[in-house]
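# Report on the structure
Listed here are the chains, written in short residue letters.
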Amino acid sequence: MEKLIYMDNHATTPMDPRVLEAMMPYFCEKFGNAASKNHAFGWEADEVVKNSRQLIAKSIGAKELEFVFTSGATESNNLAITGVARMYKEKGNHIITVVSEHKAVLDTCDALTHEGFEITYLGVDENGMISLEELKNSITDKTILVSVMHANNEIGVVQPIKEVGAICKEHDVLFHTDATQAIGKVRIDVNEMNIDLLSMSAHKIYGPKGIGGLYVRRRKPRVRLSPLIHGGGHERGMRSGTLNTPSIVGFAKAIELADKELEAENERTSKLRDKLQTALSTRIDHTKINGKLDARLPGNLNISFHYVEGEGLMMAMPEICVSSGSACTSSSLEPSYVLQAMGIPDVLCHSSIRFGIGRFTTEEEVDAVIEKVVQSVNKLRDLSPLYEMVLEGIDLDTVAWTEH
Amino acid sequence: MAYSEKLLDHYNNPRNVGSMDKKDKSVGTGLVGAPECGDVMKLQIQVEDDKIIDAKFKTYGCGSAIASSSLATEWLKGKSVDEALKIKNTDISTELDLPPVKIHCSVLAEDAIRMALDDVRSKQDDEG
Ligand SMILES: Cc1ncc(COP(=O)(O)O)c(C=O)c1O
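Okay, so let's go over this structure.

Conventions adopted
- Residues numbered from 1 in each chain as written.
- Chains lettered and ligands numbered in written order.
- Predicted model: local features only at pLDDT ≥ 70, side-chain atom pairs only at ≥ 80, totals over all residues.
- Heavy atoms only, no water.
- Helix = DSSP H or I, 4+ residues; strand = E, 2+ residues; numbered from the N terminus.
- Rg over C-alpha atoms; globule rule 2.2 N^0.38 Å.
- Buried < 20%, exposed > 50% of the residue type's maximum accessible area, 1.4 Å probe, protein only.
- Contact = heavy atoms within 4.5 Å.
- Areas by Shrake-Rupley, 256 points an atom, 1.4 Å probe, with all protein chains shown as cover.
- Lys, Arg positive; Asp, Glu negative; His and termini not counted.
- Charge placed at Lys NZ, Arg CZ, Asp CG, Glu CD.
- Near = heavy atom within 4 Å.
- Polar contact = N/O pair within 3.5 Å; in protein donor to acceptor, adjacent residues only side chain to side chain.
- Nonpolar A, V, L, I, M, F, W, Y, C, P; charged D, E, K, R; others polar.
- Axes fitted to C-alpha atoms, helices over the stretch in contact; angles between N-to-C directions.
- Left-handed = near helix turned anticlockwise from the far one by under 90°.

### What to know about the overall build of chain A
- The number of helices and strands found in chain A is 13 helices and 13 strands.
- Relative to its length of 404 residues, chain A is compact, with a C-alpha radius of gyration of 23 Å against a globular reference of 22 Å.
- Taken over the C-alpha atoms alone, chain A extends approximately 80 × 50 × 35 Å along its principal axes.
- Residues counted as buried form 58% of the 404 residues belonging to chain A.
- Summarising the internal contacts of chain A: among those between residues at least 6 apart in sequence, 72% fall at separations of at least 24.
- When the accessible area of chain A is evaluated, it comes to approximately 16,700 Å², of which 53% is carbon and sulfur surface.
- One way to put it: in chain A the 43 positive side-chain charges average out to a point 9 Å from where the 56 negative ones average out.

Here it is, written out as structure tokens:
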């Protein structure tokens, strides 16, 4: 097979070699347990964890003690939502979130319905954006938490987080945001944006897998969480377990690099994305770009190629590593719920491909992808009875299909 | 998902791609599936003296759907109508070693075969 091209940077990212370099000493030499209070190995680990925590917290305008390390954004979302729900259940049992959230938020909320919580799911418009009016109207005196993701993992749209934060503050409701996809691409200040809890993950920003964190506000208001993992009382009781020092060091290095290079990297990736987008939508007819054009992450392109099916298309270009909203790529055999929530017809969901351009994507790769996608879509359209019918002038909506 | 060699071969080198004249009395057309379900197969056969002398397909769908219909056309060619009726979805799924979530692709191919055979039979009955 030809050389593989990785263009799925929303799923995960390769680790930056500078991150690996920073981590290396913390496996075999500086291996101490940060909780060992009485010897040099422990002090060394504790010191580097403290510095890392400070650096990460500072990158979002927070204080060192406001940041809890977890195993990743899935755990952070679980801890934020379930932790708040159980801690504040006397105050209310209502949580508001959005239909297009990551499953780590949706399934956590769903699980809480078995504990007597009621969930309101805000809709999204055809661009994937929430309505601030709908949010305001959904808040009741029983609402304890609003969870709205910062940037979406499929269509890359960035929600108006500052406005959401202001509404939550005005109504005295806690605000959690899953910023997993936004970190490193959008500048975040938890105070300016009135964010009370924020989830992140290192492997989406060229750091190691299995490490992430949760920002938990300490002042105005002081947010308290009921822990999910009990044990030695690490992380001020919110998340027990020996800290993963090498990964924490890697996480901090990844944040440091992302912070330093954010604007330059955004400029580079958005140029590459625009090149890809322009070429694909001019050289191929019947395409549709999914997600609000002027509010997307710089490296994101989610595009539907009408009359070809996403998994079939990915199979035609095995050297190109992307993902699809097609049912065939999911275990549920349902097309992407994010695209469905935007009111995109199922047929276009099946035809969608998500390209995720990242730090290590080169222009040569983008050029190669353009050629291969054009060639593959043409090949599959030659095979497509739908495309043939459309060329014959048949309206597909008038055909009596045999649903199965 | 790891696919079998045979499936990949049919997907990469699909046999008998194309279309025949739907109105021709010797041609039977089967059009099954639905765009919103993610797969549509069009399978056509040409029958003369109760023998399938040609078969063509076009498929919108995943690799398994394309391979299943390609294989079906290959098997149909040269068979009598009665022999063709004996082709079962399980024969297709076994030959291509379809993973469980893709079995419906072979079911669709069997449906397309039956619909094409019915179509050509009813046309030829009208004639006779
Ligand atoms: C928006 C969003 N939230 C949460 C997650 C889960 O992150 P993790 O893999 O760190 O558990 C992901 C990644 O899949 C994501 O994109």
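There's plenty left to go through after this.
### Let's talk about the site of the ligand
Residues and elements named next belong to chain A.
- The ligand sits among 13 residues. The nearest are Thr74, Asp178, Gln181, Ser201 and Lys204.
- In this structure, Ala73 approaches the ligand through a main-chain N or O atom, which is 2.9 Å from an oxygen atom.
- A distance of 3.5 Å separates a nitrogen atom of the ligand from a polar atom in the side chain of Thr180.
- Expressed as a share of its isolated accessible area of 390 Å², the protein-covered part of the ligand is 85%.
- In terms of residue count, the dominant contributor to the shell around the ligand is helix H4 (residues 73-87) (three residues).
- Within the shell around the ligand, the residues separate by chemical class into two nonpolar, nine polar and two charged.

### Details of the packing of helix H3 (residues 40-59) of chain A against helix H8 (residues 245-283) of chain A
Residues and elements named next belong to chain A.
- One can describe the packing of H3 onto H8 by two numbers: an axis separation of 9 Å at closest approach and a directional angle of 30 degrees. Read as a crossing pair, H3 and H8 show a hand that is left-handed. Of the residues in H8, those in contact with Ala45, Val48, Val49, Ser52, Leu55, Ile56 and Ser59 of H3 are Thr245, Ile248, Val249, Phe251, Ala252, Ile255, Glu256 and Asp259.
- In terms of residue class, the contact of H3 with H8 is built from 10 nonpolar, three polar and two charged.

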